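# Understanding the architecture of this molecule
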Amino acid sequence: MEKTALFSRPLPIVILVVAALLLDQAIKVAVETWLPFQQAVPVIPMLALYRTYNYGVAFSMLSGMEGWFIVSMRLVVVAFVIWLWRRTPNDRFFAHLGYAMIIAGALGNLVDRLLFGYVIDYVLFHTATWSFAVFNLADSFITIGAGSIILDELLQMKKRDA
């Protein structure tokens with residue numbers, strides 16, 4: 001008998017998405033309130049808080065595009081992920097968790113885009129000669145979600161080969 005994964009059901013996924021969205025927005029309010037604009041605040045070596053605004057999508061790609069285009073694109077992505085979630089077998093825990101995380105992250109950044117016209121970013125990994133793109137918690141949710149889906153696919157491949 002097939003076991004139903006927690007996030008294959010609507011209520012748990014809605015609760016996770018809303019909780020993640022509220023956490024993301026609460027942190028962004030704190031960042032806007034207390035973090036200086038475009039000034040690195042060291043946390044530990046190689047990690048700083050650095051408030052900046054992203055007018056594009058990941059890594060500031062498409063920053064020259066109109067806001068309505070980026071909002072529309074995010075809505076299409078959310079709709080596509082919901083479609084994938086509905087089509088995925090109910091026993092695929094990591095896939096369903098990944099879809100929930102991607103939806104939460106996309107909605108977190110979408111809220112910023114709708115409210116401000118940009119996304120608030122604030123985490124910076126760096127060395128003396130290199131720095132990674134500044135990102136936020138919503139971006140982390142998307143990355144963790146994608147990793148979770150990849151993990152699920154690898155586990156499914158292993159299960160098929162066994």
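Attention here is on the structure that accompanies the text. Please read these numbers as outputs of a predicted model, since none were measured by experiment.

In terms of regular secondary structure, the protein is built from four helices and three strands. Ordered by position in the sequence, the α and β elements of the protein form the string α-β-β-α-α-β-α. Looking at the protein as a whole, 38% of its 162 residues qualify as buried. Across the protein, every contact between residues at least 6 apart in sequence was considered, and the portion connecting residues at least 24 apart equals 66%.

Attention now goes to the sheet that holds strand S2 (residues 47–54). Judged by pairing direction, the sheet is antiparallel, and its three strands sit side by side in the order S1-S2-S3 without closing on themselves. Strands at the two margins of the open sheet, each flanked by one partner only, are strand S1 (41–44) and strand S3 (119–125). Each strand of the sheet is rotated relative to its neighbour by a mean of 35°, with strand direction disregarded.

Two elements, S1 and S2, share three bridges in a ladder whose sense is antiparallel. Within S2, the residue paired with Ile-44 across the bridge is Leu-47. Hairpin geometry of S1 and S2 is characterised by an intervening segment of two residues between the two adjacent antiparallel strands and by a positive phi of about 80° at Met-46.

Tallying each qualifying case throughout the model produces ten aromatic pairs. When the ring of Trp-130 is compared with that of Phe-132, the centres are 6.3 Å apart and the planes differ by 45°; the resulting orientation is tilted. By relative accessible area, Trp-130 is classed as partly exposed at 44%. On the accessibility criterion, Phe-132 (35% relative accessible area) is partly exposed. Grouping aromatic residues by their ring pairs yields a cluster made of Phe-37, Tyr-53, Tyr-55, Phe-116 and Tyr-118.

Tallying each qualifying case throughout the model produces five salt bridges. Of the charged contacts, one joins Asp-24 and Lys-28 as a salt bridge, the two residues approaching to 2.9 Å between their closest N and O atoms. With Asp-24 and Lys-28 both in helix H1 (residues 10–34) and four residues apart, this pair spans about one turn of that helix. Beyond isolated ion pairs, a larger network of salt bridges with shared partners links Asp-24, Lys-28 and Asp-112.

Moving on, we get to helix H4 (residues 137–161). Between the first and last C-alpha of H4 there are 36 Å, a value that for 25 residues agrees with the 36 Å anticipated at 1.5 Å per step. Every buried residue of H4 is accounted for by Leu-137, Ala-138, Phe-141, Gly-145, Ser-148, Ile-149, Asp-152 and Gln-156. Close packing links the buried residues of H4 with H1, helix H3 (93–116) and S3. Between the side-chain oxygen at the start of H4 and the backbone nitrogen of Ala-138 there is a gap of 2.9 Å, and the oxygen is on Asn-136.

Attention shifts here to unusual backbone geometry. The residue Gln-38 is not glycine, and still its phi comes out positive at about 50°. Considering the arrangement of structural elements, one finds Gln-38 in the loop between H1 and S1. Take Gln-38: its relative accessible area is 41%, and that puts it in the partly exposed class. Within the chain, Met-46 stands out as a residue other than glycine whose phi angle is a positive 80°.

Definitions and limits used
Residues numbered from 1 in each chain as written. Predicted model: local features only at pLDDT ≥ 70, side-chain atom pairs only at ≥ 80, totals over all residues. Heavy atoms only, no water. Helix = DSSP H or I, 4+ residues; strand = E, 2+ residues; numbered from the N terminus. Buried < 20%, exposed > 50% of the residue type's maximum accessible area, 1.4 Å probe, protein only. Contact = heavy atoms within 4.5 Å. Pairing = 2+ DSSP bridges. Axes fitted to C-alpha atoms, helices over the stretch in contact; angles between N-to-C directions. Phe/Tyr/Trp six-rings, centres within 6.5 Å; stacked < 30°, edge-to-face > 60°. Salt bridge = Lys/Arg side-chain N within 4 Å of Asp/Glu carboxyl O. Expected span 1.5 Å × (residues − 1). Polar contact = N/O pair within 3.5 Å; in protein donor to acceptor, adjacent residues only side chain to side chain.

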